[in-house]
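Now for the letters of each chain:
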Protein chains: 4
Amino acid sequence: MTPRPNVSEMRTRQIIEAATAVFAAKGFDVATMEDIADAAGINKATIYLYLKNKDALIRAIAEQLFAQELAGLQAAHDLPGAATERLTAYYESLIADEAEVLPLMPIFYEFCALGLRRDEVRAVISEFIDQVTGLLESIIQDGIDSGEFAPTEARQAARALDALLSGTLLHWVYAPEEVDVDAQLRYGIRLMFRGLANHP
Amino acid sequence: MTPRPNVSEMRTRQIIEAATAVFAAKGFDVATMEDIADAAGINKATIYLYLKNKDALIRAIAEQLFAQELAGLQAAHDLPGAATERLTAYYESLIADEAEVLPLMPIFYEFCALGLRRDEVRAVISEFIDQVTGLLESIIQDGIDSGEFAPTEARQAARALDALLSGTLLHWVYAPEEVDVDAQLRYGIRLMFRGLANHP
Amino acid sequence: MTPRPNVSEMRTRQIIEAATAVFAAKGFDVATMEDIADAAGINKATIYLYLKNKDALIRAIAEQLFAQELAGLQAAHDLPGAATERLTAYYESLIADEAEVLPLMPIFYEFCALGLRRDEVRAVISEFIDQVTGLLESIIQDGIDSGEFAPTEARQAARALDALLSGTLLHWVYAPEEVDVDAQLRYGIRLMFRGLANHP
Amino acid sequence: MTPRPNVSEMRTRQIIEAATAVFAAKGFDVATMEDIADAAGINKATIYLYLKNKDALIRAIAEQLFAQELAGLQAAHDLPGAATERLTAYYESLIADEAEVLPLMPIFYEFCALGLRRDEVRAVISEFIDQVTGLLESIIQDGIDSGEFAPTEARQAARALDALLSGTLLHWVYAPEEVDVDAQLRYGIRLMFRGLANHP
DNA sequence: GATGAATGAGGTTTCATTCAT
DNA sequence: TATGAATGAAACCTCATTCAT
């Protein structure tokens, strides 16, 4: 009913977008509210009209990033077809977003560090990991049920799979010239699939 | 007359040790030099007698951590016996150090974040990852040569293995109550071994 | 609507004024930014909104002082009349400002010391001395052209005159009770005039 | 009677010498006790065995410099001959020491600034100026008595002369390439002599 | 006499945050 | 809604000085 509830929402988005870029480039602590305001083309004080403080801004970014990430996995999960195909679709979507994912990695690691020290942040990350694990588990369970995979502890397998994916990202961002993400991910997953496979 | 050139060296160690704990607890930026001095039981200014500045302190910690980590892998690498056994020895040493490793994880992630923004830090991490990969590759290659593993791209396999290990750490630190590291790591590695195995 | 672009300019002036007094009283290095802020009745951090740092503050003061000083000489230079009268007007203006000039002497000497060590400062002082010399030279040349003074090297005479003036200030500030500036300056100038005069 | 009272004295001299160079190069406040110790090739703490503190060090330097300077003037004063010749001898000795005097100028100006703020320093400088003035006055009075100079206020003349000399130094140090000290000083003095001369 | 080690005190500068307009 | 101006709090680092050896 309100005429334009989106004006405020758009400003918030604009700020979060600018902040994401600035935080990625400088780090949460080094980046200043002024840096962010400049990047957003607004005044420093204006940020406080939309976000309580720097911490809230960081949290807002986290939520947005995790939501995006989850959406991708959820989409793969909802796909019809074989488990291996759905999982492959997931990691291919990861690779497809390469240009967007890479610059966000510093934020991701910083979050991981932050989460080990501040409980509110920890809760957000734990929840995220839990959901990712759950979706992967569900897909794997489908694979087991369909006979694609040998019977196994689906949740452990899900964690192993996610571990492989996120660990591969680390190698990728630190050796982008040597590591061909596509090939490396494909290789890792194939290994896992073979490990999980229903051998004759 | 007593051979005591280590007074200085011991102080440096003392400071680094205190700083490691403080940085782990608060983060590089939030932790202050005074926090560290207090933790070491010395005066703030004394730190500067042994380390040029906060950055140098951070660097010193990084080097020490990476060196320790590498030493563990190197030891496993130098072990006699089958590749699978040597790899297993490695991850078991990781688990054995649990009490020490866990509190250092925030530092590790913070480094990963830092390294993506500052080239000097990046170089240190890249080098570390490269050495880890190299050692794992060497073990895997031995496994291939001995017929334990099917012929494969040993370097890619090494990266996949390290990815699995470090990714599992992430799950562990964020769900320590649900995740049994030992079991989870064992499970992941078994999967990989089966994937790599020379099937009849 | 009111034309008030000078809010910022006035604050800057306010700060410079306070800083001038504090620097004169304590010296560039001993005076703290807090001293200056207190003297200006503002917060320490506010200074940095208007001047980049302590150095910039010092520079701003130098420029202002030299500009004022030059303005006085320029005014005397632009006067009509005989050279001796114009020069006399100059030193009289110096004496008239006694109350303002005296407390600034420490700053002047400090600048002279600083200028011998830092090239950017040196440039400012060199330029100042050069302009003073130039204006005095111009007046003296007029005196030569009009037959008031005997033909001579006007630039050297100008330097000698300025040397006498500034050297007299030194005696004055260090023996204010014994030295009657007015009489002393008048005496010195008369000596010079007689030395320069066109004797029959 | 003491075997070697000069060991201590020599160390003190060594320190003062080093400090003079360091202070001249960096300024009283910026130069650190460690800078000085390094320049003297000794330990920082050793300085305190010979000089109470930084202030005492600065004072010691002042005293030494002023004593040297006075000695030069005293020597000229004690010369036989005409007043103009004795005065000329003085400024020639100044010029002869050029290589030594020039690097000390920053210290001199810094002292002048310091003296206007700290009474103990002021006393030293006032005394110095007073003695210089007294010696010059004595020479000039001799010139008057001998008929070389016209009757005049010898003390005022002395101040004017010293003002000219020290003011010329300022021009010299700030325009060393344009100003030929020798010529400039000679010129200034000639002007004064003519002004003082007993015209027919 | 000489010094390596230590520290208390303090200065410059930065920044998240607030508020009047 | 938006912002220019202001500030309290704090962090890094330096240095004169002391003292045990």
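Residues numbered from 1 in each chain as written. Chains lettered and ligands numbered in written order. Predicted model: local features only at pLDDT ≥ 70, side-chain atom pairs only at ≥ 80, totals over all residues. Heavy atoms only, no water.

1. Quick notes on the overall build of chain A
Of the regular secondary structure elements, chain A holds 10 helices and zero strands. Along its sequence from the N terminus, chain A presents helices and strands in the succession α-α-α-α-α-α-α-α-α-α. Viewed in the frame of its principal axes, chain A has a C-alpha envelope of about 65 × 50 × 30 Å. Out of the 200 residues belonging to chain A, those deemed buried represent 50%. Within chain A, contacts between residues at least 6 apart in sequence are counted, and of these 65% link residues at least 24 apart. (Helix = DSSP H or I, 4+ residues; strand = E, 2+ residues; numbered from the N terminus. Buried < 20%, exposed > 50% of the residue type's maximum accessible area, 1.4 Å probe, protein only. Contact = heavy atoms within 4.5 Å.)

2. Regarding the pattern of salt bridges
If you walk through the whole model with that rule in mind, you get 52 salt bridges over all chains. D142(B) serves as the salt-bridge partner of R86(B), at 3.1 Å between the closest nitrogen and oxygen. A residue pair is termed long-range when its members are at least 10 positions apart, and R86(B) in helix α5 (residues 83-96) and D142(B) in helix α8 (residues 119-145) qualify at 56 residues. A residue is classified by how much of its surface remains accessible, and R86(B), at 6% relative accessible area, is buried. Members of the salt-bridge network, linked through shared partners, are D130(A), E137(A), R155(A), R159(A) and E178(B). (Salt bridge = Lys/Arg side-chain N within 4 Å of Asp/Glu carboxyl O.)

3. Let's talk about the protein's contact with DNA strand E
Neighbouring DNA strand E are 32 residues; R11(B), T46(B), Y50(B), K54(C) and Y50(D) lie closest to it. Close to the protein, within 4 Å, the atoms of DNA strand E are drawn from sugar and phosphate at a rate of 64%. The contact in question runs from a phosphate oxygen of DNA strand E to an N or O atom on the side chain of Y48(C), over 2.8 Å. Among the elements of the structure, α3 (44-50) of chain A, α3 (44-50) of chain B, α3 (44-50) of chain C together with α3 (44-50) of chain D are those that each provide at least two residues to the surface near DNA strand E. A class-by-class count of the residues in the surface near DNA strand E yields 16 nonpolar, eight polar and eight charged. (Near = heavy atom within 4 Å. Polar contact = N/O pair within 3.5 Å; in protein donor to acceptor, adjacent residues only side chain to side chain. Nonpolar A, V, L, I, M, F, W, Y, C, P; charged D, E, K, R; others polar.)

4. Points about the interface of chain C and chain D
With 55 residues of chain C in contact, the opposing surface of chain D contributes 55 residues. Here chain C and chain D share six salt bridges between them. With a closest N to O distance of 2.5 Å, E178(C) and R159(D) form a salt bridge. If you look at where chain C meets chain D, you find 30 residue pairs in polar contact (both at pLDDT 80 or more). When contributions to the side of chain C that touches chain D are tallied by element, the ones reaching two or more residues are α1 (6-26), α7 (105-115), α8 (119-145), α9 (154-174) and α10 (181-196) of chain C. Broken down by element, the residue count for the side of chain C that touches chain D peaks at 15 residues, all from α9(C). When grouped by side-chain class, the residues that make up the side of chain C that touches chain D number 29 nonpolar, 14 polar and 12 charged.

5. Quick look at the relation of the copies chain A and chain B
Each copy of the chain is related to the other by a rotation around an axis and a translation along that axis. Note on the copies: chain A fits chain B at an RMSD of 0.2 Å, the axial shift is 0.0 Å, and the rotation between them is 179°. The two molecules are tied by a two-fold rotation axis, judged by turn and shift. Looking at the interface residues of chain A, 100% of them are also at the interface in chain B, so both copies use one shared face. (Least-squares fit on C-alpha atoms with pLDDT ≥ 70 in both.)

6. Remarks on the protein's contact with DNA strand F
The environment of DNA strand F is formed by 32 residues, the closest being Y50(A), K54(B), R11(C), T46(C) and Y50(C). Here DNA strand F approaches the protein such that, of its atoms within 4 Å, sugar and phosphate make up 65%. Among the elements of the structure, α3 of chain A, α3 of chain B, α3 of chain C together with α3 of chain D are those that each provide at least two residues to the surface near DNA strand F. Tallied by class, the residues present in the surface near DNA strand F amount to 16 nonpolar, eight polar and eight charged.

7. Observations concerning the arrangement of the chains
The least C-alpha distance between chain A and chain D, which are not in contact, is 30 Å. A minimum C-alpha distance of 13 Å separates chain B and chain D, which share no contact.

8. A short note on the interface of chain A and chain B
On the chain B side, the residues contacting the 55 residues of chain A number 55 residues. Looking at the side of chain A facing chain B, the largest losses of area belong to R117(A), H171(A) and Y174(A), adding up to 19% of the total buried there. Our count for the contact surface shared by chain A and chain B stands at six salt bridges. Among the ionic pairs, R117(A) bridges to E110(B), the shortest N-O distance being 3.1 Å. Summed over the shared surface of chain A and chain B, the number is 29 residue pairs in polar contact (both at pLDDT 80 or more). Elements supplying a minimum of two residues to the side of chain A that touches chain B: α1 (5-26), α7 (105-115), α8 (119-145), α9 (154-174) and α10 (181-196) of chain A. For the side of chain A that touches chain B, the element with the highest residue contribution is α9(A), accounting for 15 residues. Among the residues making up the side of chain A that touches chain B, the classes are represented as 29 nonpolar, 14 polar and 12 charged. (Buried area = accessible area lost by both parts, 1.4 Å probe.)

9. Brief notes about the side chain of T168(C)
Turning to its location among the elements, T168(C) is positioned in helix α9. Overall, the relative accessible area of 2% leaves T168(C) in the buried class. Within the structure, the side chain of T168(C) is placed 2.6 Å from the backbone oxygen of L164(C), a separation counted as a polar contact. Residue contacts for T168(C): discarding those within four places in its chain leaves Q184(C), L185(C) and A163(D).

10. Things to note about the environment of E153(D)
Within the secondary structure layout, E153(D) lies in the loop between α8 (119-145) and α9 (154-174). E153(D) sits 12 residues away from Q141(D) along the chain, and the two C-alpha atoms are 8.7 Å apart.

11. Topic: the relation of the copies chain C and chain D
Overlaying chain C on chain D yields an RMSD of 0.2 Å, the required transformation being a rotation through 179° with an accompanying axial translation of 0.0 Å. Counting the interface residues of chain C, we find that 100% of their copies in chain D are interface residues as well, pointing to one common contact surface.

12. Looking at the environment of G188(C)
Relative to the assigned elements, G188(C) resides in helix α10. The class of G188(C) is buried, set by a relative accessible area of 2%. The spatial distance from the C-alpha of G188(C) to the C-alpha of L164(C) is 7.1 Å, given a sequence separation of 24 residues. Excluding anything up to four places from it in sequence, G188(C) contacts L164(C) and A160(D).

13. A look at the side chain of S166(C)
By secondary structure assignment, the location of S166(C) is in helix α9. We classify S166(C) as buried; its relative accessible area is 18%. Among all residues touching S166(C), those that are not within four sequence positions of it are G167(D) and L170(D).

14. Structural notes on the domain arrangement of chain A
All names here are of chain A. Once the domains are mapped, chain A shows domain 1 (1-51) and domain 2 (61-196). Its C-alpha centre places domain 1 at a distance of 29 Å from the equivalent point of domain 2. With eight residues of domain 1 in contact, the opposing surface of domain 2 contributes nine residues. Taken together, the links from domain 1 to domain 2 amount to zero salt bridges. Viewed at the interface, domain 2 and domain 1 are joined by one residue pair in polar contact (both at pLDDT 80 or more). Taken together, the residues of the side of domain 1 that touches domain 2 break down into five nonpolar, two polar and one charged. (Domains from an automatic or database assignment.)

15. Focus: the packing of α8(A) against α9(A)
Between two packed helices, what matters for the description is the angle formed by their axes and the separation of those axes. Residue and element names in this part refer to chain A. Running from N to C, α8 and α9 cross one another at 120°; their axes reach a closest spacing of 8 Å. The angle between the axes of α8 and α9 places the two elements in the oblique class. Considering the relative orientation of α8 and α9, their crossing is right-handed. Between α8, through I129, D130, V132, T133, G134, L136, E137, I140, Q141 and I144, and α9, the contact on the second element is made entirely by A154, R155, A157, A158, R159, L161 and D162. Broken down by class, the residue content of the contact of α8 with α9 amounts to nine nonpolar, three polar and five charged. (Axes fitted to C-alpha atoms, helices over the stretch in contact; angles between N-to-C directions. Parallel < 35°, antiparallel > 145°, perpendicular 65-115°, else oblique. Left-handed = near helix turned anticlockwise from the far one by under 90°.)

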